[in-house]
Amino acid sequence: MRAMTVTPGKADSARVEEVPAPPDGDGSVLVEGLFTGICGTDIELVSGAFGSGRPGADHLVLGHESLGRVLEAPAGSGFGSGDLVAGVVRRPDPEPCPACARGEWDFCRNGLYTERGIKEMDGYGAERWRVDPYFAVPVPSELGHLGVLVEPASILTKAWEQVDQVGGRSWFGPKHVLVTGAGPIGLLAALIASQRGYDVHVLDRVVDGPKPELVRALGGTYLTDLSDLDVVPDVVIEATGAGQVVFDCAKLLAPAGVMCLTGISPGPASIDVQLDALIRQLVVRNVALVGSVNAGKRHYADAVDVLLAADRSWLERLITRTVPLSDWPSALVREPDDIKVVVDLRG
């Protein structure tokens, strides 16, 4: 069968490769791969920056954003032939650490977790894949191909859960939300903020095209300059990973405000900041900065609910380009209006 592969640690090794059928050890549910989304993590994997295959393997099947159709499932698994499913990315470590032992593998303490399509496990970017029923997420048929957005949306349902938990250390009634970055993660963060009834502002460098239109369709305000922000944000969802943006936004937070960091810069960079002055502002205002990565099983279910509640035409506009598996490396090259690019695993 065909799959999206790289040689771990080797730059520019993205290719379509014939690989063996998925091993039974991956899970008892056999799935036909339909779509997988491409994100910055995949671009870093292709660059050779990180990533590892199965022990002893010379390749890694990519694809951690998934959508597939069940071909075979055992009785009692909760799945049947024809069901749409998405696969959870992370698996708990074998030790397990205290977090993994409690099902909170996205908070793994010892780093011995594995991740589909990233770390020591093949991903979902193949014509066929297997998954354990526990790590398979039911996707309602009405979502159709938009079910490929479940994994990225789960990153934001977790992020918002973190904001709620941190904000809940005292009275918390956020009204104004600032999202930095209008890529898929930022726009999904804005979608959830809009669904919660918050006043939403989104900051991005792009001045025209689909991004501003998508923000305005949510009833939000689109900004290209932080100086144009006319409210004091109670919450910032940071999706750029840019140090200067983080620094500038942290200074703007309301007392007891929360900034959730979801973005990672693709490379090391230095910025000239007055850190002592920032620390003073954070301390005297009880401001909290919290990092959030990956997602737990419940966050995938929450993501399905978010997508079901969203306007379908709005979600359709998030997916700006679809490429066939036969030409999947072209998905790594960003075009001017790209937001979410997905690979059709049947093409």
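As shown above, the structure is provided for reference.
Just so you know, these numbers come straight off a predicted model, no measurement behind them.

1. A closer look at the pairing of strand β15 (residues 235–238)
Burial along β15 is two-sided: V235 and I237 facing one way and V236 and E238 facing the other are all buried. In this structure, strand β12 (residues 176–180) lies alongside β15, joined through four bridges in parallel fashion. Following the sheet pairing, T180 is matched in β15 by E238. Bridging between β15 and strand β16 (residues 258–261) involves four bridges; their strand directions are parallel. The partner of I237 across the bridge, within β16, is C260. Regarding topology, helix α6 (residues 243–250) serves as the crossover connection from β15 to the parallel β16, and that connection is right-handed.

2. Concerning the sheet that holds strand β1 (residues 2–6)
Strand order in this open sheet of three strands is β2-β1-β4, and the pairing throughout is antiparallel. Edge strands, defined here as strands with exactly one partner in the open sheet, are β2 (15–18) and β4 (60–61). Note: β1 against β4, two bridges, orientation antiparallel. Within the sheet, the bridge partner assigned to T5 lies in β4 and is V61.

3. Examining the packing of helix α3 (residues 150–167) against helix α8 (residues 297–309)
Closest axis-to-axis distance for the α3/α8 pair is 7 Å, and the angle between their directions is 105°. Classed by the angle they form, the pair α3 and α8 counts as roughly perpendicular. Counted together, V150, E151, A153, S154, T157, K158 and E161 of α3 and R298, H299, Y300, D302, A303, V304, V306 and L307 of α8 form the full contact between these two elements. Its residues assigned to classes, the contact of α3 with α8 shows seven nonpolar, three polar and five charged.

4. Digging into the nonpolar core
One finds W160, I237, L315, L318, W328 and V343 to be the most contacted residues of the largest nonpolar core, which totals 87 residues. Those residues in contact with W328 that sit more than four places away from it in its chain are M4, T5, A14, R15, V16, I38, V46, L62, V323 and V343. Counting 16 residues, the second largest nonpolar core, distinct from the first, contains L203, L229, V236 and L278.

5. Some remarks on the packing of aromatic side chains
A full pass over the atoms with the stated rule returns five aromatic pairs. Centroid distance W105 to Y134: 6.1 Å. Interplanar angle 70°. Geometry classified as edge-to-face. Separated by 29 residues along the polypeptide, W105 in the loop between α2 (98–101) and β8 (114–116) and Y134 in the loop between β10 (128–131) and β11 (136–139) bring together distant segments of the chain. Assessed through its relative accessible area of 2%, W105 is described here as buried. What links up through ring pairs into an aromatic cluster is the set W105, Y134 and F135. One cation-aromatic arrangement involves R91 over F135; the distance from NZ or CZ to the ring centre is 4.1 Å. A cation sits over an aromatic face here: K297 above Y134, 3.6 Å from the ring centre.

About the criteria used
Here, residues in each chain are numbered from 1, in the same order as that chain's written sequence. The predicted origin of the model limits local features to residues at a pLDDT of at least 70 and limits the giving and counting of side-chain atom pairs to 80 or more, whereas totals for whole chains, interfaces and linings rest on all residues. Processing note: side-chain calculations cover all non-hydrogen atoms of the structure and skip hydrogens and water entirely. Exposed residues in this analysis have more than 50% of their type's maximum accessible area, buried residues have under 20%, and partly exposed residues fall in between, with area computed by a 1.4 Å probe over protein chains only. What counts as a helix is a DSSP run of H or I of at least four residues, what counts as a strand is a run of E of at least two, and both are numbered from the N terminus. Note on pairing: DSSP must find at least two bridges between two strands before they are called paired. Handedness of a crossover: with both strands directed away from the viewer, a clockwise path from the first strand across the helix to the second marks it as right-handed. Note on geometry: axes are lines fitted to C-alpha atoms, helical ones only across the stretch in contact, with angles between N-to-C directions running from 0 to 180 degrees. To sort the angles, those under 35 degrees are grouped as roughly parallel, those over 145 as roughly antiparallel, those from 65 to 115 as roughly perpendicular, and the leftovers as oblique. Every residue pair with non-hydrogen atoms within 4.5 Å of one another is taken to be in contact. Any residue outside Ala, Val, Leu, Ile, Met, Phe, Trp, Tyr, Cys, Pro, Asp, Glu, Lys and Arg is labelled polar, Gly included; the first ten of those are nonpolar and the last four are charged. Definition of nonpolar core: a set of buried residues of the types Ala, Val, Leu, Ile, Met, Phe, Trp, Tyr and Cys, connected through side-chain atoms within 4.5 Å. Here the aromatic set is Phe, Tyr and Trp, taking the six-membered ring for Trp, and pairing holds for ring centres within 6.5 Å; pairs whose planes are under 30 degrees apart are stacked, those over 60 apart are edge-to-face, and all others are tilted. By definition here, charges over rings are those cases where NZ of Lys or CZ of Arg is within 6 Å of the ring centre and within 35 degrees of the ring normal.

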